[in-house]
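An overview of the molecular structure
Each chain, written out:
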Amino acid sequence: MKILLGLCCRPVVAMALLFILVVMLLALFAPWVAPYDPFEQFVEGLSLEGAPLPPDATYHLGTDLLGRDLLSRLLYGARTSLLIGLIANGIAVLIGTLVGLTAGFVRGWIGTILMRFTDLMMAFPALLLAIALAAIFQPSVWIVALVISMVNWVQIARVIYSETVALSARDFVAVERTLGASALRILFSHLLPHLVPTILVWATLGISTTVLLEATLSFLGVGVQPPTPSWGNIIFESQTYFTSAPWLVLFPGAAIVLLSLSFNLVGDALRDALDPTLKGRS
Amino acid sequence: MLAFMTRRVAYSLLILLGVTLITYLLLYMLPADPARQIAGRSATPEVIANIRHQLGLDLPFYQQYFNYLKGLLQGDLGRSFIQRSEVSELIGARLVPSLQLMGMGILFELIIGVGMGIIAALKRDSFADRLLMALSFVGVSSPQFIAAMLFLYFFAVKLGWFPMGGYGEFRHILLPALTLGLLGSGWYSRMVRSSMIEILHQDFIRTARAKGLSRARVVFRHVLPNAIVPVIPMIGIDIGIFMGGLVVVESVFGWPGIGQLAWQAIQQVDIPVIVGVTTVSAVAIVLGNLLADLTIPLIDPRIDVKKH
Amino acid sequence: MKRKALSLALTATLFTGSLLAAEPKTGGNIVITYQNDVATLDPAIGYDWQNWSMIKSLFGRLMDYKPGTTELVPSLAERYTISDDGTEYTFALKRGVKFHNGRELKASDVKYSLERTVNPKTQSPGAGFFSAIAGYEDVTAGKTQTLSGVATPGDYTVTIKLSQPNATFLHVMALNFASVVPKEAVQQWGADFGKHPVGSGAFELAEWKLGQSLVFKKNPAYFESGLPYLDSIRFEIGQDPTVSLLRLQKGEVDIAGDGVPPAQFLQFKNNPQQKSLIVTGEQLQTGYLTLKTTMPPFDKLEVRKAVNMAISKDRIVRIINGRATPANQPLPPSMPGYDSTYTGYPYDVEGAKKLLAEAGFPSGFDTELYVMNTDPQPRIAQSIQQDLAKVGIRVQIKSLAQANVIAAGSEKKQAPMVWSGGMAWIADFPDPSNFYGPILGCESAVPGGWNWSLYCNKAIDAEAKKADAMAKPEEQEARTALWRKVFTDIMDDAPWVPIFNEKRFTVRSARMGGDDALYVDPVHIPVNYDYIWVK
């Protein structure tokens, strides 16, 4: 716990945590914070020629190509992006941990099959896989989250697998075994607790990857369906207007980068703090 | 060692087989009918059925896949439904630009990443170190499409330093490769930094310094060669990450590589092309991993290959 | 007795002379960009935005159009005659026309080319256009490889017999699919003929770097003397339209083949220097929303009418920056048969609500709208979604890849609404018939067809058949009137919501010469390469 508290004292990490917290709160309270309905296409939100409006007093971050308030869409978009980030990553971590732990602990032919399958998924071009999956299961928020987790669990499985193998070889597990402890007991009271730091680190870093993948899928037009805003599809809808209406890309773009950066920073700090091999060195 | 390599290669082939199977299965499930697309708007149901039969699309799945494998063994990737030409020809024409971009991208990654890592390690805990590490973090946290669009806008449109797209001359490759390189350099710089710091603390370096060798000499003759070692297998793994980046970066910069080919094929459900590109990408990734696996034991003899 | 149809001895110079203000110059090399790959240059197969006009310039056909217009003129044919009953066409070929390989083009080549397109093995998307030719069914059924209706009494004479009179047949002979190809070249290259095209057109293919560029060079032996004006055209592929436009402003590109991307349109239009580079033209295109007439609640006429009244077309046109004009009927304004007096359904939210209530949906209903996932289509769908929400219809948008939308479009139980944008109907040839059969006729209201409303009105179908059989020149006025009635009658059934007719914007560099109409040619889409020139 001390370590975790120590995290907050590094100013950069503290700022990252703060940013994540703020985004989460804004997303949670979007209906109260957002100045407008994010779906409302305002007649006066477009110029007479149909161009989006730059930031001004009425629309603080300008309007999008349909005359909707960009700020409100960003706030609601945070919900989608975070929701997908958390759910997809949660599923990915769960699958990854299950596969890695089983393969590393049970070994034998089950372990072999699981790890061979993991290797197979590693060789799959992740983005192509995601695009194909998204095309088959016409994308909704849940499908997008599922597709992303189908792609992202692989790395975690690998890490957990090698950690489990390493842990199983350690003396204390061997001692437990000779003392006749049941497999489940070893699993839950000895392996899992030791794996928690790794899982925690990867869970945090994984959110960053997930947020980026969601944005990229949306950018390619196979993400969350309109009119539901997500940070990725706001950019997708506006990308061709980039030179004439840069705010439509810059604001959501900055939001994506900052959120992904924050999760990366926190995850990295967690790793420094929790990885025993690095302890005392810095 | 030979036995290990043979086993690894055989295993890699097995993985490729799995990749083609899964890709084929996914596309088989796709709710789109290539025969209808080929037949056009004036086609009657009989014409469509006829085309479906000619393409073998009316066969059960396992038979379609078996036919594909049979062709694959003879080096035949099939014919594109939409472009009506050999998939191998289409991919062949696109492969060189993609490899060029990938090569340049990885080169930039290494130059930028290793350079930043060295500086950061030498000036450890200084402002420069913090700044460089922060930048590397921003790099790995940015989606390629945002970076690509920003770079295109500022460096090509606003500043006019680079051409805005196109292919053929050296100047064309710079901006897309820089985009890939800058974003990917973060992992390398962090890795080089930490391995440099580790080595700087080791006894033989202290001895060298104590012997009175100049700092620059120690760094370049003793520290750097050792610090760069872990980077080599990383390049292999990086190839896989690159394949994804290519789709996005090629489409923003109009680079005539397999990323664009893949994207167009997905839009049109051009199954032979999608399977072909996936297979080729998987080959690249498997080769990369193979490279990583084979170089690690050469670099770090402590790792016993037999355990793998 | 046969009669001469038109005075046909027009030479190329004659009609270009009347068309162009300045005297065209010969020579010059230009650069044209496209975003998407050129799939194939096989005239029996190519059916894309990019290759449509390229194929027209590489190959010759019996018929063609006066440049920049929709007026039919003989091309490879010197002249033609039609039998009294309208079922037999006799074409006299020009003599001395050479393929790019140097061999003279003969009547047997015309016969071979038609049979090749119709042959199921060729898998031509245009085979269906030739269904009027006698013997078509036998070839498509695989019974024979020869069309019994096509005969070659001499080296320079082709007679084509139709199973029934067909007013659109001359248009069909001007389609890319009717291009004349040399048998020996097709046999030499086999399935790769599309990569090694040999025709008799104004240009020949000099070089093709797959996925990168194509170079066309002038055919010095082209049968229209003096044409083409350009020495060569270099097509650069894979270029983002925005980037193309910026390169055009820098002078690196002469024609941006994909036009002005929506985003740059306003900037470009409002810049006095650049404004002159844009050529605006009408397009034989209608963007429409289909309502699946077989699927509740769209099986109710009131509901379909209500949807027609609930959508603000003006707003949609504004969203795409005025690049189109609102539509009220299936036919675009420049198509014969367009009814300029027809006013269509008014935009009337209250009226729509009332109709919905009458139909038994006072509180609306839930439905789905399928749309292609490239800009601006999802935006247009969202505008429609908001409009329909105002009358209580809750729409869920399915934004998918083109192939998936097309596949779902004709399914009985899917895609209750489809926005046609991105796949929208651009006429294959400038005749109203082309807007009926494939997208509104009973025959196409089947799974796999393009009639996504699955609309079928037997009475209207009979009238359409009647109109198609009116092939005689003196019947043309009556025929056009009949079509006019057909399309307004269709609107009474409201299977579609016609949304807009898109305009076409081609951007060309200042050094390009030639009449504006050539750059927005209604048939040589997007640009008529044969007649443009460099100042």
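This structure is a prediction, so every number in the text was calculated from the model and none was measured. (Residues numbered from 1 in each chain as written. Chains lettered and ligands numbered in written order. Predicted model: local features only at pLDDT ≥ 70, side-chain atom pairs only at ≥ 80, totals over all residues. Heavy atoms only, no water.)

Some words on the overall build of chain B
Counting its secondary structure elements, chain B contains 13 helices and 0 strands. Shown N-terminal to C-terminal, the secondary structure of chain B runs as helices and strands in the order α-α-α-α-α-α-α-α-α-α-α-α-α. In terms of its C-alpha atoms, chain B occupies a principal-axis envelope of roughly 85 × 55 × 30 Å. A burial count over chain B gives 55% of its 308 residues as buried. Entry remark: accessible area of chain B is about 13700 Å², with carbon and sulfur atoms responsible for 68%. The average position of the 25 basic charges and that of the 18 acidic charges among the side chains of chain B differ by 10 Å. (Helix = DSSP H or I, 4+ residues; strand = E, 2+ residues; numbered from the N terminus. Buried < 20%, exposed > 50% of the residue type's maximum accessible area, 1.4 Å probe, protein only. Areas by Shrake-Rupley, 256 points an atom, 1.4 Å probe, with all protein chains shown as cover. Lys, Arg positive; Asp, Glu negative; His and termini not counted. Charge placed at Lys NZ, Arg CZ, Asp CG, Glu CD.)

Comments concerning the confidence of the model for chain B
Residues and elements named next belong to chain B. Residues at a pLDDT of 70 or more form 95% of chain B, whose mean pLDDT is 81. Looking across chain B, the model is least confident in helix H2 (residues 34-39), with a mean pLDDT of 76, and most confident in helix H5 (residues 87-122), with 88. Counting interchain partners and residues more than four positions distant, the pLDDT-below-50 stretch residues 302-308 has 7 contacts. Here the complex is predicted with pTM 0.85, and the ipTM for its interfaces comes to 0.82. (pLDDT = per-residue confidence, 0-100. Contact = heavy atoms within 4.5 Å.)

Considering the packing of aromatic side chains
One pass over the full model with this rule turns up 36 aromatic pairs over all chains. Following the ring pairs from residue to residue traces out a cluster consisting of Tyr-24, Tyr-28, Phe-61, Tyr-65 and Tyr-68 of chain B. The ring of Phe-265 of chain C carries Arg-323 of chain C above its face, with NZ or CZ at 5.1 Å from the centroid. (Phe/Tyr/Trp six-rings, centres within 6.5 Å; stacked < 30°, edge-to-face > 60°. Lys NZ or Arg CZ within 6 Å of the ring centre and 35° of its normal.)

Things to note about the interface of chain B and chain A
The interface of chain B with chain A comprises 37 residues on the first partner and 40 residues on the second. For the pair chain B and chain A, the summed buried surface comes to about 3400 Å²; carbon and sulfur atoms form 81% of the total. Inspection of the chain B/chain A interface yields 1 salt bridge. As a salt-bridge pair, Asp-268 of chain A and Arg-190 of chain B come within 2.5 Å of each other at their nearest N and O atoms. (Buried area = accessible area lost by both parts, 1.4 Å probe. Salt bridge = Lys/Arg side-chain N within 4 Å of Asp/Glu carboxyl O.)

Remarks on the sheet that holds strand E11 (residues 232-237) of chain C
The strands that make up a sheet are held in pairs by hydrogen bonds between backbone atoms, and each pair lies either parallel or antiparallel. Residue and element names in this part refer to chain C. Overall, mixed pairing links the 7 strands, which are arranged E9-E10-E11-E2-E12-E21-E13 in an open sheet. Strands at the two margins of the open sheet, each flanked by one partner only, are strand E9 (203-209) and strand E13 (278-281). Bridge count for E13 against strand E21 (residues 504-508) is 4 bridges, and the pairing is antiparallel. Pairing of Val-279 across the sheet is with Thr-506, part of E21. (Pairing = 2+ DSSP bridges.)

As for the packing of helix H6 (residues 126-136) of chain A against helix H9 (residues 183-219) of chain A
All names here are of chain A. Two numbers describe how H6 lies on H9: the axes approach to 11 Å, and their chain directions differ by 60°. Considered as vectors, H6 and H9 are oriented oblique to each other. Crossing geometry of H6 relative to H9 is assigned as right-handed. Residues Leu-127, Ala-130 and Ile-131 of H6 lie in contact with H9, whose contacting residues are Leu-213, Thr-216 and Leu-217. Taken together, the residues that form the contact of H6 with H9 break down as 5 nonpolar, 1 polar and no charged. (Axes fitted to C-alpha atoms, helices over the stretch in contact; angles between N-to-C directions. Parallel < 35°, antiparallel > 145°, perpendicular 65-115°, else oblique. Left-handed = near helix turned anticlockwise from the far one by under 90°. Nonpolar A, V, L, I, M, F, W, Y, C, P; charged D, E, K, R; others polar.)

Section: the UniProt feature "transmembrane region" (unreviewed entry) in chain A
Residues and elements named next belong to chain A. When the UniProt feature table is mapped to this numbering, "transmembrane region" (unreviewed entry) covers residues 12-34, 82-105, 117-136, 142-161, 199-224 and 244-266. In this annotation, residues 82-105 is assigned 100% helix and 0% strand; the end-to-end C-alpha distance for the span is 33 Å. Within residues 244-266, the helical portion is 87% and the strand portion 0%, while the C-alpha atoms at the span's ends are 36 Å from each other. (UniProt positions renumbered as here; feature names shortened; annotations may be inferred.)

Regarding helix H2 (residues 49-58) of chain C
Along an α-helix, a turn takes 3.6 residues, which lines up residues three or four apart on a common side. All names here are of chain C. Judged by how many residues are buried, H2 sits mostly within the fold: 9 of 10 residues are covered. Within H2, burial applies to Gln-50, Asn-51, Trp-52, Ser-53, Met-54, Ile-55, Lys-56, Ser-57 and Leu-58. Its buried side turned inward, H2 meets strand E2 (29-34), E9, strand E10 (213-218) and E11.

Points about the interface of chain C and chain B
Often, the extent of an interface is quoted as the loss of accessible area upon association of its parts. Across the contact, 48 residues belong to chain C and 42 residues belong to chain B. A combined buried area of about 3600 Å² lies between chain C and chain B, and 51% of that area is made up of carbon and sulfur atoms. Remark: the boundary between chain C and chain B carries 2 salt bridges. One can count 7 residue pairs in polar contact (both at pLDDT 80 or more) joining chain C with chain B. If you list the elements that add at least two residues to the side of chain C that touches chain B, you get helix H7 (241-250), helix H14 (402-409) and strand E19 (425-426) of chain C. Residues belonging to the side of chain C that touches chain B are distributed by class as follows: 21 nonpolar, 19 polar and 8 charged. (Polar contact = N/O pair within 3.5 Å; in protein donor to acceptor, adjacent residues only side chain to side chain.)

Notes on the pattern of salt bridges
Residue and element names in this part refer to chain C. Under the definition given, this model contains 30 salt bridges over all chains. Across the salt bridge formed by Arg-479 and Asp-468, the nearest N and O atoms sit 3.5 Å from each other. Taken together, the positions of Arg-479 in helix H17 (residues 476-493) and Asp-468 in helix H16 (residues 458-469) put the pair 11 residues apart, joining distant regions of the chain. Taking the relative accessible area as the measure of exposure, Arg-479 reaches 3% and is therefore buried.

Notes on the UniProt feature "transmembrane region" (unreviewed entry) in chain B
Residues and elements named next belong to chain B. In this structure's numbering, the residues bearing the UniProt feature "transmembrane region" (unreviewed entry) are residues 9-30, 101-122, 134-155, 170-188, 223-249 and 269-292. This span, residues 9-30, is 95% helix and 0% strand, and a straight line between its end C-alpha atoms measures 32 Å. For residues 134-155, helix accounts for 91% and strand for 0%, while the C-alpha atoms at its two ends are 22 Å apart.

What to know about the nonpolar core
For soluble globular proteins, the rule of thumb is that nonpolar side chains tend to be buried together. All names here are of chain C. Among the nonpolar cores identified, the biggest contains 235 residues, and Phe-91 and Phe-130 are the most heavily contacted of them. Phe-91 has contacts with Leu-62, Met-63, Ala-77, Arg-79, Tyr-80, Tyr-156, Thr-157, Val-158, Ile-160, Phe-169, Leu-170 and Met-173, leaving out every residue within four places of it along the chain. In this structure, Leu-355, Leu-356, Ile-384 and Ala-494 belong to the second largest nonpolar core, which totals 39 residues. (Core = buried A, V, L, I, M, F, W, Y, C linked by side-chain atoms within 4.5 Å.)

Observations concerning H17 of chain C
Residues and elements named next belong to chain C. Over its 18 residues, H17 extends 26 Å from the first C-alpha to the last, a length consistent with the 26 Å expected when each residue adds 1.5 Å. Taken together, the buried positions of H17 are Arg-479, Leu-482, Trp-483, Val-486, Phe-487, Thr-488, Ile-490, Met-491 and Asp-493. Positive backbone phi, at 50°, marks Ala-494, one or two positions downstream of H17. (Expected span 1.5 Å × (residues − 1).)

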